[in-house]
Number of protein chains: 2
Amino acid sequence: MATEILSDNDLDLIFRSARSYNGYLDRPVTRVQIEAIYDLLKMGPTSANVQPARFVFCLSQDSKEKLASVASEANAAKIRKAPAAVVVGMDMDFPERMPEVFPHNPDAKHWFSGAMLETTAFRNSSLQGAYFIVAARAIGLDVGPMSGFDNARADETFFAGTSIKSNFIATFGYGDPESIFGRLPRLGFDAACKII
Amino acid sequence: MATEILSDNDLDLIFRSARSYNGYLDRPVTRVQIEAIYDLLKMGPTSANVQPARFVFCLSQDSKEKLASVASEANAAKIRKAPAAVVVGMDMDFPERMPEVFPHNPDAKHWFSGAMLETTAFRNSSLQGAYFIVAARAIGLDVGPMSGFDNARADETFFAGTSIKSNFIATFGYGDPESIFGRLPRLGFDAACKII
């Protein structure tokens, strides 16, 4: 049971002042930071604890070049110059892990098939991708999520011979305030919500 | 540019101590809280600012009964007893809103069609669903996300005559610690991540 609320400062950090950055300061992202991000994001909820997301973190220039080569031109330039990037993937064989992540019910492995398996992988790896964004911001980094890339070529480049497919990608690092424009409008409550 | 990190307490609140609740204390959720949650979650990033998610918040017993009637038996019981529930939907006509949410490029409305439109709606409404979960936790509430319901019947019940489809649902309120079991295992870093 939660008995407290986030401070105003922390709400700003993860939601209100956070922005999607196009460029970053010349300051590296470390393996320790990436492990800290995963340690947070992994705690976010997924349906029956399926955790289908798989993350390939690109820190080397070579790996960023590979990712840039499957991205749209505008995104490729951002990826090459970012200190770090990530491919958020989804393991379509996630049911194989159910004995490990849902150990109290040996049937769970057989709950998923066909369109429902694909929907579960996509929805839940997207949730986990959002947890990645929030977790990175929570430890003081900034993120630039992108879907402008060739998923099939990304799959060949990063996931050949596996059951993993790409979902979306992102750059991350310490955002350069000069790389962003004014914030785009958000839908008002009445346009997006109803209380019944 | 983010220059700070979340406090340990706040990391606990949104990730590390947070849990998916099956039951809630007898304490209401208010419209003001729901508006506060939306004001936070709407700031989360979506591809080209598309914001496809639409939220139907069920506060009345009648609306919770309606949602329970399209849910699996186990989930129906939880929904009936929860102070609040939400249907996270996605507007398949989201491109119509592009002139409002991406005003600097009049072409944006024509970027989306076919499978790519569906993928964009599903991925981004899922991201926004995750922002809902984090935002609710951030203001001290607890959430019980669920995908065990009949999407087609939910669409008929809540979105008939509109371009909105259901994605997932959740209960929320002040979690009852007696309603949860031990935390399920999370995949280790090496099972889910690679750094290249």
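Residues numbered from 1 in each chain as written. Chains lettered and ligands numbered in written order. Predicted model: local features only at pLDDT ≥ 70, side-chain atom pairs only at ≥ 80, totals over all residues. Heavy atoms only, no water.

Colleague: Help me get a handle on the overall build of chain A, residues and values and all.
Modeller: For chain A, the count of helices and strands is 8 helices and 5 strands. A compact globule built from 196 residues would reach a C-alpha radius of gyration of about 16 Å, and chain A, at 18 Å, matches this within 12%. Here the C-alpha coordinates of chain A stretch approximately 55 × 45 × 35 Å along the principal axes. The burial tally for chain A puts 57% of its 196 residues in the buried class. Across chain A, every contact between residues at least 6 apart in sequence was considered, and the portion connecting residues at least 24 apart equals 81%. (Helix = DSSP H or I, 4+ residues; strand = E, 2+ residues; numbered from the N terminus. Rg over C-alpha atoms; globule rule 2.2 N^0.38 Å. Buried < 20%, exposed > 50% of the residue type's maximum accessible area, 1.4 Å probe, protein only. Contact = heavy atoms within 4.5 Å.)

Colleague: An account of helix 3 (residues 61-69) of chain A is needed here, citing residue identities and associated values.
Modeller: Residue and element names in this part refer to chain A. Taken together, the buried positions of helix 3 are Ser63, Lys64, Leu67 and Ala68. All buried residues of helix 3 project into a common sector of 140° when viewed along the axis, lining one side. Tucked into the core, helix 3 has its buried residues touching strand 1 (53-58), helix 4 (73-81), strand 2 (84-91), helix 7 (151-159) and strand 4 (164-173). (Arc of directions from axis to C-beta.)

Colleague: Could you give me a rundown of the sheet that holds strand 3 (residues 142-146) of chain A, with the residues and numbers involved?
Modeller: Strand pairing in a sheet relies on backbone hydrogen bonds, with the paired strands running either antiparallel or parallel. Sheet architecture is open: 5 strands sit in the order 3(A)-4(A)-2(A)-1(A)-5(B), paired in mixed fashion. One side of each edge strand has no neighbouring strand; the edge strands of this open sheet are strand 3 of chain A together with strand 5 (193-195) of chain B. Going across the sheet, the axis of each strand differs from the next one's by a mean of 20°, ignoring polarity. Inspection of the sheet shows strand 1 of chain A paired to strand 2 of chain A by 6 bridges, in the antiparallel sense. Note on strand 2 of chain A: the bridge partner recorded for A:Phe55 is A:Val88. (Pairing = 2+ DSSP bridges. Axes fitted to C-alpha atoms, helices over the stretch in contact; angles between N-to-C directions.)

Colleague: I'd like a description of the interface of chain B and chain A, backed by residues and values.
Modeller: The partner chain A presents 83 residues to the 83 residues of chain B that form the contact. Among the residues of chain B in contact with chain A, B:Phe15, B:Leu187 and B:Ile196 are the three that bury the most area, contributing 11% of the side total. Joining chain B to chain A, the criterion identifies 0 salt bridges. If you look at where chain B meets chain A, you find 36 residue pairs in polar contact (both at pLDDT 80 or more). Of all the elements, helix 6 (residues 114-138) of chain B adds the most residues to the side of chain B that touches chain A, at 13 residues. Taken together, the residues of the side of chain B that touches chain A sort by class into 49 nonpolar, 19 polar and 15 charged. Pairing geometry for strand 1 of chain A and strand 5 of chain B, over 3 bridges, is parallel. Paired with A:Phe55 across the two strands is B:Cys193, which belongs to strand 5 of chain B. (Buried area = accessible area lost by both parts, 1.4 Å probe. Salt bridge = Lys/Arg side-chain N within 4 Å of Asp/Glu carboxyl O. Polar contact = N/O pair within 3.5 Å; in protein donor to acceptor, adjacent residues only side chain to side chain. Nonpolar A, V, L, I, M, F, W, Y, C, P; charged D, E, K, R; others polar.)

Colleague: Mind laying out the packing of aromatic side chains, listing which residues take part and the relevant values?
Modeller: Per the stated rule, a full pass over the model turns up 23 aromatic pairs over all chains. Relative to B:Phe132, the ring of B:Phe55 lies with its centre 6.4 Å away and its plane at 35°, an arrangement referred to as tilted. Here B:Phe55 is found in strand 1 (residues 53-58), whereas its partner B:Phe132 is found in helix 6, with 77 residues between them in sequence. Feature note: the residues A:Tyr38, A:Phe55, A:Phe57, A:Phe132, A:Phe172 and B:Phe189 constitute an aromatic cluster, connected by ring pairs. (Phe/Tyr/Trp six-rings, centres within 6.5 Å; stacked < 30°, edge-to-face > 60°.)

Colleague: Give me the lowdown on unusual backbone geometry, citing residues and values where you can.
Modeller: In this model, A:Gln51 sits at a positive phi of 45°, which is unusual for a non-glycine residue. Structurally, A:Gln51 can be placed in the loop between helix 2 (31-41) and strand 1. Its identity as a non-glycine residue notwithstanding, B:Asn49 has a phi of 60°, on the positive side. Looking at where B:Asn49 falls in the secondary structure, it is placed in the loop between helix 2 (31-41) and strand 1.

Colleague: Give me the relation of the copies chain B and chain A: which residues, what numbers.
Modeller: Here two copies of a chain appear, and what relates them is a rotation about an axis with a shift along it. Placing chain B over chain A gives an RMSD of 0.0 Å and needs a rotation angle of 180°, together with 0.0 Å of translation along the axis. On the angle and the small slide along the axis, the relation comes out as a two-fold axis. When you check the interface residues of chain B against chain A, 100% turn up at the interface there too, and the contact is symmetric in its surfaces. (Least-squares fit on C-alpha atoms with pLDDT ≥ 70 in both.)

Colleague: Tell me about helix 4 (residues 73-81) of chain B, residues and numbers included.
Modeller: All names here are of chain B. Taken as a whole, helix 4 has its buried residues at Asn75, Ala76 and Ile79. The buried residues of helix 4 all sit within an arc of 105° when viewed along its axis, so they share a single face. Exposed positions of helix 4 whose direction lies more than 90 degrees from the buried face are Glu73, Ala74 and Lys81. Elements in contact with the buried residues of helix 4: helix 3 (61-68), strand 2 (84-91), strand 3 (142-146) and strand 4 (164-173).

Colleague: A description of the pattern of salt bridges should follow, citing residues and the corresponding values.
Modeller: All names here are of chain B. Across all of its chains, the model carries 16 salt bridges over all chains by this definition. With a closest N to O distance of 2.8 Å, Asp8 and Arg16 form a salt bridge. A relative accessible area of 53% places Asp8 in the exposed class. The class of Arg16 is partly exposed, set by a relative accessible area of 31%.

Colleague: Tell me about the confidence of the model for chain A, and please be specific about residues and values.
Modeller: Averaged over chain A, the pLDDT score is 96; the fraction of residues at 70 or greater is 98%. For this predicted complex, the interface score ipTM comes out at 0.97, while the overall pTM is 0.98. (pLDDT = per-residue confidence, 0-100.)

Colleague: Tell me what's going on with the sheet that holds strand 1 of chain B, and back it up with residues and numbers.
Modeller: Read from one edge of the open sheet, 5 strands run 5(A)-1(B)-2(B)-4(B)-3(B), paired in mixed fashion. A single partner strand is all that each edge strand has here, and the edge strands are strand 5 (193-195) of chain A together with strand 3 of chain B. Neighbour-to-neighbour, the strand axes of this sheet turn through a mean angle of 20°, independent of strand direction. Here strand 2 of chain B pairs with strand 4 of chain B via 8 bridges, running antiparallel. Residue B:Gly89 lies in a different strand from strand 4 of chain B, and its bridge partner there is B:Ser166.

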